[in-house]
Amino acid sequence: MADDIEARLTAVPAPTKSPEGGDAGTDDYLERRTLRRGSAGWLLLTGLGVAYVVSGDFSGWNVGLDKGGFGGLAIATVLMGAMYACLVFSLAELSTILPTAGGGYGFARRALGPWGGFLTGTAILIEYILAPAAIVIFIGDYVESLGLFGLTSSWPVYLGCFVIFIGVHLWGVGEALRFSLVVTAIAVAALLIFAVGAFTEFSADGLNDIPVDSEAFGSNSWLPLGVLGIWAAFPFGMWFFLGVEGVPLAAEEAKDPVRSMPKALSISMGILALLALITFFAATGAQGADAVKAAGNPLVVALEGDGGPTALSRFVNYAGLAGLVASFFSLIYAGSRQLFALSRAGYLPRFLSLTSKRKAPYLGLVIPGAIGFALAAATGNGARMLNIAVFGATISYALMALSHIVLRRREPDLERPYRTPGGILTSSVAFVLALSALVATFLVDKDAAFIALAVYAVALAYFAFYSRHHLVASAPEEEFAALAEAEAELTRD
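Summed over all chains, the structure comprises 11 salt bridges. Where Arg 259 meets Asp 256, a salt bridge forms, and the shortest distance between an N and an O atom there is 3.0 Å. Several salt bridges converge on common partners, so that one network encompasses Asp 66, Asp 290 and Lys 293.

Laid out in structure tokens, this is it:
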């Protein structure tokens, strides 16, 4: 089965009518929409998985202390870590069945049909377009706080980031992923060095120093905001892992995706879990949870306390900028590949999937970048945009986990080169926790959740009235779905 998939991905089939009436256009439709295959082995894919997430270790997660205290955030992080672990194991199986650039959209398309595919792909796009817009604002804040070149956090910095890093992506995927790996390695090394320094000041008493809200149900020194604080901290527990699910979007550009995808997903998840553990305990125990709960740069605050800057705190401050760059850079990649896959199959305007001579989806990089820059320059509200991104992410997680469950039940005999440990039980855990995290987003920022719903509604209207009638049957994800339907009909006959 895996060899058959690879053969059909490599071929350039002639355009045909889609089941819902669309056609693929000219004979060279897919030839003008191909990515550079074999550009990334398991090491680059692992680096990509860590790069998506690493900026979350430097800032953002600590706000969860303000929502649930140390105990609340600790429990939330364990639960969200379990959700991501279960989801990653599920995606590892799905990515060996459908190794295409569609990632989560492709999995849902096979399991849940065109509507399910579009719902999932749109949610992923919300995450991967809004998150870079938020992170570029944080980069601007870091640049200003470090006094780099006398720049302030403003639109010229945002524009420069988008232009430079989109330019690297246009150069080529191999070059882009190698750049990402180097910057990510610097950020990870800095986190480990930070932990060594912070643990020398560690005090267990500081973990529970947030004042207790006596009126909150179940409140105590461990849960100062009560039991509900655990739920409110879910989105911030996610920050230690948010984005790792994007690794399968590199499937068409990977070397031997059937083997490299599960390996890269598992290793990157292990690295992220370790970084979350040491960062959380080191930062909170060094100066106390109350001191870092509202800090924009909690690791620096954990090292400095009431004193002035030290050599280590300055190093970590610069490394935080490297972490933000790594996540910004990799999320641009993820968004472009998701948009490319949706466009190639006709769910979005087809011109967005055109690729350059270097096999880069240039419009899929430039147009989301332009949207992200416009949002950053117009609002300057990184926290709000990141909350919208989290809302989209939780929807996609639930639908991807559901896709694994449906395929296991509906196509039990489908060849699976990698099988999820625990099977349906694993993906069911991910599904339930993803829905819980989705509801929790309303506890954190109701406005962000409703903005995301409005964007979702507009996208669904576009699909309902136009694009579902113009799907491209020769796109890989559509071919896989058609093949599954044909096999099901033969079985019934």
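Attention shifts here to the confidence of the model for the chain. Within the chain, residue pLDDT values average 86, and 92% of them lie at 70 or more. By mean pLDDT, the top-scoring element of the chain is helix H4 (residues 63-97) (94), and the lowest-scoring one is helix H1 (residues 2-10) (43). In this model, residues 1-26 is a region of pLDDT below 50 whose contacts with residues beyond four sequence positions or in other chains number 62 contacts.

This part takes up the side chain of Ser 313. As for its placement among the helices and strands, Ser 313 is situated in helix H13 (residues 311-344). Within the structure, the side chain of Ser 313 is placed 2.8 Å from the side chain of Glu 304, a separation counted as a polar contact. Here Thr 310 takes part through its backbone nitrogen, which lies 2.8 Å from a polar atom of the side chain of Ser 313. Those residues in contact with Ser 313 that lie beyond four places of it in its chain are Val 300, Leu 303 and Glu 304.

Within the secondary structure, Ser 474 is located in the loop between helix H17 (446-465) and helix H18 (476-492). Classification of Ser 474 by relative accessible area gives buried; the value is 3%. In this structure the C-alpha to C-alpha distance between Ser 474 and Arg 344, which are 130 residues apart in sequence, comes to 9.3 Å.

Turning to the packing of aromatic side chains, a few remarks are in order. What the rule picks out here adds up to 25 aromatic pairs. An angle of 50° between the planes, with centres 6.3 Å apart, marks the rings of Phe 240 and Phe 280 as tilted. Pair noted here: Phe 240 is in the loop between helix H9 (234-237) and helix H10 (257-287) and Phe 280 is in helix H10, with a separation of 40 residues, a long-range link. One exposure class covers both Phe 240 and Phe 280, and it is buried. Here the basic side chain of Lys 263 rests over the ring of Trp 42, its NZ or CZ set 4.1 Å away from the ring centre.

Its 43 residues give helix H5 (residues 104-146) an end-to-end C-alpha distance of only 38 Å, which falls more than 12% under 63 Å, the value for a rise of 1.5 Å per residue. Along its length, H5 reaches its greatest deviation from straightness, about 150°, at Leu 112, and the proline Pro 114 lies no more than four positions downstream. Among the 43 residues in H5, 37 count as buried, and that is most of the element. A positive phi of about 70° marks Gly 147, the residue just after H5.

So, about the environment of Leu 170. Here Leu 170 shows up in helix H6 (residues 155-171). Distance from Leu 170 to Leu 363, taken between C-alpha atoms, is 9.9 Å for residues 193 residues apart in sequence. Not counting residues up to four positions away in its chain, the partners in contact with Leu 170 are Arg 358, Ala 360, Tyr 362 and Leu 365.

The next subject is the side chain of Ser 343. With respect to the secondary-structure elements, Ser 343 resides in helix H13. Judged by relative accessible area, which is 0%, Ser 343 ranks as buried. Within the local environment of Ser 343, its side chain forms a polar contact with the backbone oxygen of Arg 350, the two atoms lying 3.1 Å apart. Filtering out sequence-adjacent residues up to four positions away, Ser 343 remains in contact with Tyr 29, Leu 348, Pro 349, Arg 350, Phe 351, Leu 352 and Ser 353.

For Phe 149, which is not glycine, the phi torsion reads 60° and is therefore positive. Take Phe 149: its relative accessible area is 79%, and that puts it in the exposed class. Positive phi values are uncommon outside glycine, yet Asp 256 reaches one of about 50°. Inspection of the secondary structure puts Asp 256 in the loop between H9 and H10.

The rules behind each value
- Residues numbered from 1 in each chain as written.
- Predicted model: local features only at pLDDT ≥ 70, side-chain atom pairs only at ≥ 80, totals over all residues.
- Heavy atoms only, no water.
- Salt bridge = Lys/Arg side-chain N within 4 Å of Asp/Glu carboxyl O.
- pLDDT = per-residue confidence, 0-100.
- Helix = DSSP H or I, 4+ residues; strand = E, 2+ residues; numbered from the N terminus.
- Contact = heavy atoms within 4.5 Å.
- Polar contact = N/O pair within 3.5 Å; in protein donor to acceptor, adjacent residues only side chain to side chain.
- Buried < 20%, exposed > 50% of the residue type's maximum accessible area, 1.4 Å probe, protein only.
- Phe/Tyr/Trp six-rings, centres within 6.5 Å; stacked < 30°, edge-to-face > 60°.
- Lys NZ or Arg CZ within 6 Å of the ring centre and 35° of its normal.
- Expected span 1.5 Å × (residues − 1).
- Bend = angle between axes of the 7 residues up to and from the residue.

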